[in-house]
Amino acid sequence: MRVPMKPVSLLCLSLFFPPHFSRPFASLCSGLAHRSAAKRRPFPSGGANQLQASYTMDGSHKSVLSDMASQDQLVDSNDGVQGPCIWSCPKGGCKIELGKQIFCNRSLNMKNIVAVGFDMDYTLAQYKPETFESLAYEGTVRKLVYDLGYPQELLEWAFDWKYMVRGLVLDKKRGNILKMDRHKYVKVAYHGFREMLKEEKFGTYGNTLIRDAFDEPEYALIDTLFSLAEAYLFAQLVDFKDNNPGKFPEGADYARMYKDIRAAVDLCHRDGTLKQMVAKDPKRYINEDTLIVPMLKMLRNSGRSTFLVTNSLWDYTNIVMNFLCGSGALDGRRKCNFDWLQYFDVVITGSAKPSFFHEDNRANLFEVERDSGMLLNTDNGTPMPQVGSTSPRISLKGLNEDCRVFQGGSVAHLHKLLSIESSSQVLYVGDHIYGDILRSKKVLGWRTMLVVPELEREVELLWEIRDTRKHLRLLRNERDQIEDQIHHLKWSLKFEKLNSGQMQKMSEALYELECRRDTIRTSHQQAQRECHQKFHKVWGQLMKTGYQNSRFAHQVERFACLYTSQVSNLSLYSPDKYYRPSEDFMPHEFHILPL
């Protein structure tokens with residue numbers, strides 16, 4: 001466990017005083033802070049942006065982050081260069097805009113966390129779908145045509161990177177793409193790009209006695225952003241096969257096509273097609289995030305260890321992390337270096353997650369020689385001497401390196417390297433429900449945070465259409481009330497002894513109620529469809545399917561202690577924050593305890 005470089009500033013205490021005391025108290029603490037500034041140990045060097053280390057919050061700074069973006073987003077740093085406004089800066093601690101907030105499923109007290117770990121791809125490194133996913137799509141298509149014998153027409157296809165979303169399920173056998181709710185009821189279904197009729201959908205997936213679990217190997221789960229391109233290509237191939245059955249190799253059914261897509265994707269990764277293009281121009285494929293370095297500095301200066309566990313190998317990891325932690329795009333004048341390693345205690349590349357998280361994993365742990373990329377044998381992280389030598393091969397340069405880089409191994413090696421005594425002391429941040437979050441949570445008991453980039457736009461839209469959602473709820477309630485009246489009238493007509501006049505009157509009232517119900521039902525369905533299409537024209541809201549949580553939302557709720565739109569949102573909160581979930585409501589409480 002790292003030792004904090006400095007105590008929390010006295011300015012934080014001003015938060016506990018009434019408003020009429022805040023100004024004089026803040027002034028007093030500010031004077032104390034200035035007098036002690038010379039005694040403070042500065043943040044480690046590395047990069048132009050240096051943080052002011054006093055953990056301060058002034059009550060006068062209550063503006064929303066969106067207002068800060070224009071004038072308060074940057075604050076003066078120790079070396080005179082402006083840096084991002086994070087929680088530990090003097091203007092930090094302001095109200096956080098909804099799309100940047102961290103949401104909590106299970107209580108998590110950061111004071112109990114001694115190590116914070118990160119995945120790299122789609123966690124620290126947010127890839128641009130319009131360029132990176134398009135690159136993956138084009139590479140996969142070329143492999144299908146030139147290596148696996150698919151028709152040349154595929155080379156003319158285009159990729160719509162906005163079409164697919166996470167949380168979908170591919171039915172490999174039938175060529176269908178499904179979106180289901182948390183109970184695994186299929187609510188939206190397409191065969192290729194053709195929407196399935198309600199009767200067709202129910203006939204295939206509606207029988208509860210034979211309903212599938214919708215898991216591998218018959219189904220493929222689109223639970224990572226890496227999978228969006230292959231899901232789109234699968235839908236294209238389904239349509240193409242249906243219209244051109246003679247152009248496919250013999251025996252190439254839907255399941256075989258999906259298997260070939262996966263093989264083509266693997267070929268792209270194996271021959272370095274994707275990573276070589278990213279390495280040439282990282283800025284074209286990866287979003288820059290100026291808050292990552294300040295976030296890592298803040299975590300480390302709060303006394304916590306930090307580590308990186310990625311499936312990418314060392315050469316690619318070094319390029320991406322140089323881009324993220326450096327001063328911008330790499331070019332011929334600025335080569336890769338190892339400065340970014342100062343922000344981590346341990347880096348494990350080629351980890352082969354999710355098997356990395358199994359404690360009975362016996363994979364060997366190799367130390368990576370940074371300059372050459374050569375692998376050195378270790379004994380649980382301790383360098384091993386070569387045969388015929390009495391001492392291990394260690395470069396003199398490596399003796400002074402604080403962060404060690406490894407490849408392979410298992411979580412047991414990581415715990416030993418970081419001196420982790422309890423799994424619950426680790427917070428791991430990743431983007432993949434299965435590969436990062438489920439296994440680390442379920443198998444190890446690590447605390448977890450899921451990065452969901454789509455969440456930022458989703459919560460902003462939810463706020464914009466809040467009045468529409470209230471209107472939908474009122475329409476639904478009105479429809480329920482009218483249906484109750486219809487049922488009552490039908491009951492009376494069937495079982496009560498009525499004269500002809502009473503029956504005529506009731507029949508007319510019943511007809512009027514049924515017409516009104518049909519009108520409200522049509523209005524409700526249309527309004528609900530338009531509401532969902534605001535999120536996505538085909539699949540609707542990411543976290544909802546109809547009125548139920550989607551399957552993806554259900555997984556987020558089950559396995560992620562925290563979830564947020566970007567990993568750097570951690571920089572907007574205190575490193576000692578106690579995250580608490582909102583109260584759960586069951587249906588019988590919903591209308592009794594409105595908030």
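Residues numbered from 1 in each chain as written. Predicted model: local features only at pLDDT ≥ 70, side-chain atom pairs only at ≥ 80, totals over all residues. Heavy atoms only, no water.

Chemist: Residue-level account of the nonpolar core, with values.
Modeler: F118, L124, F344 and W539 are the most contacted members of the largest nonpolar core, which has 96 residues in total. For this core, the element with the most residues is helix α5 (residues 228–243), which contributes 10 residues. In this structure, this core is formed jointly by two domains, domain 1 (99–113 + 288–329 + 338–383 + 402–452 + 554–577) and domain 2 (129–280), each of which donates at least three residues. Not counting residues up to four positions away in its chain, the partners in contact with F118 are L124, M295, L296, L299, F307, L308, V309, F344, Y428, V429, V567 and L570. Membership of the second largest hydrophobic core comes to 18 residues, among which are F307, F356, Y428 and L444. (Core = buried A, V, L, I, M, F, W, Y, C linked by side-chain atoms within 4.5 Å. Buried < 20%, exposed > 50% of the residue type's maximum accessible area, 1.4 Å probe, protein only. Helix = DSSP H or I, 4+ residues; strand = E, 2+ residues; numbered from the N terminus. Domains from an automatic or database assignment. Contact = heavy atoms within 4.5 Å.)

Chemist: Describe helix α15 (residues 500–535), with residues and values.
Modeler: One turn of an α-helix holds 3.6 residues; hence residues three or four places apart share an orientation. Here α15 contains 36 residues, and its C-alpha end-to-end distance of 53 Å stays within 8% of the 52 Å for a straight helix at 1.5 Å per residue. What α15 keeps buried is the set L510, L513, R517, I520, H524, A527, Q528, C531, H532 and F535. Where the residues of α15 are buried, they touch α13 (455–464) and α14 (466–495). The N-cap residue of α15 is N499: its side-chain oxygen and the backbone nitrogen of G501 are 3.1 Å apart. (Expected span 1.5 Å × (residues − 1). Polar contact = N/O pair within 3.5 Å; in protein donor to acceptor, adjacent residues only side chain to side chain.)

Chemist: Tell me what's going on with the UniProt feature "active site" (unreviewed entry) in the chain, and back it up with residues and numbers.
Modeler: What UniProt calls "active site" (unreviewed entry) maps, in this numbering, to D119 and D121. The topology assignment puts D119 in the loop between β5 (115–118) and α3 (129–146). Of the residues examined, D119 reaches a relative accessible area of 5% and is grouped as buried. A polar contact of 2.9 Å, which involves the side chain of D119, links it to the side chain of K353. With residues near it in sequence (within four places) discarded, D121 still touches Y127, F226, T310, S312, Y316 and D431. (UniProt positions renumbered as here; feature names shortened; annotations may be inferred.)

Chemist: Now, about the sheet that holds strand β10 (residues 219–222): what can you tell me, with residues and values included?
Modeler: Where strands meet in a sheet, backbone hydrogen bonds hold them as pairs that are either parallel or antiparallel. Within the open sheet, the five strands sit side by side as β9-β8-β7-β6-β10. Their pairing is antiparallel. This sheet does not close on itself; its edge strands, each paired only once, are β9 (194–195) and β10. Judged from the two bridges that link them, strand β8 (residues 186–191) and β9 form a sheet pairing that is antiparallel. Residue pairing across strands places Y190 opposite E195, the latter belonging to β9. (Pairing = 2+ DSSP bridges.)

Chemist: Can you tell me about the UniProt feature "binding site: GMP" (unreviewed entry) in the chain, naming the residues and giving the values?
Modeler: With numbering matched to this structure, UniProt assigns "binding site: GMP" (unreviewed entry) to D121. You can see D121 is positioned in the loop between β5 and α3. At 2.5 Å, the side chain of D121 forms a polar contact with the side chain of Y127.

Chemist: Explain the pairing of strand β12 (residues 346–349) to me, using residue names and the numbers behind them.
Modeler: Residues V346 and I348 line one face of β12 and the alternating positions V347 and T349 line the opposite face, and both faces are buried. The sheet contact formed by strand β11 (residues 305–309) and β12 spans three bridges and is parallel. Residue pairing for β12: F307 is matched across the bridge by V346. Sheet analysis places β12 next to strand β16 (residues 404–408), joined by four bridges and oriented parallel. By the bridge assignment, T349 is partnered in β16 with Q407.

Chemist: Before we move on, could you go through the packing of aromatic side chains and cite the residues and values that matter?
Modeler: Under the criterion given, the structure shown has 30 aromatic pairs. Taken together through their ring pairs, the aromatic side chains of Y137, F159, Y163, Y190, F193, Y232 and W539 make up a single cluster. Directly above the ring of W463 sits R466, whose terminal nitrogen or CZ lies 3.9 Å from the centroid. Note that K577 overlies the ring of Y579, its terminal NZ or CZ placed 5.6 Å from the centroid. (Phe/Tyr/Trp six-rings, centres within 6.5 Å; stacked < 30°, edge-to-face > 60°. Lys NZ or Arg CZ within 6 Å of the ring centre and 35° of its normal.)

Chemist: Explain a positive patch on the surface residue by residue, including any values.
Modeler: On the surface, a cluster of positive charge is contributed by R466, R469, K470 and R473. Assignment of secondary structure puts K470 in helix α14. (Patch = residues over 30% accessible without salt bridge, like charges linked within 9 Å, V, L, I, M, F, W, Y side chains within 5 Å. Areas by Shrake-Rupley, 256 points an atom, 1.4 Å probe, with all protein chains shown as cover. Salt bridge = Lys/Arg side-chain N within 4 Å of Asp/Glu carboxyl O. Lys, Arg positive; Asp, Glu negative; His and termini not counted. Charge placed at Lys NZ, Arg CZ, Asp CG, Glu CD.)

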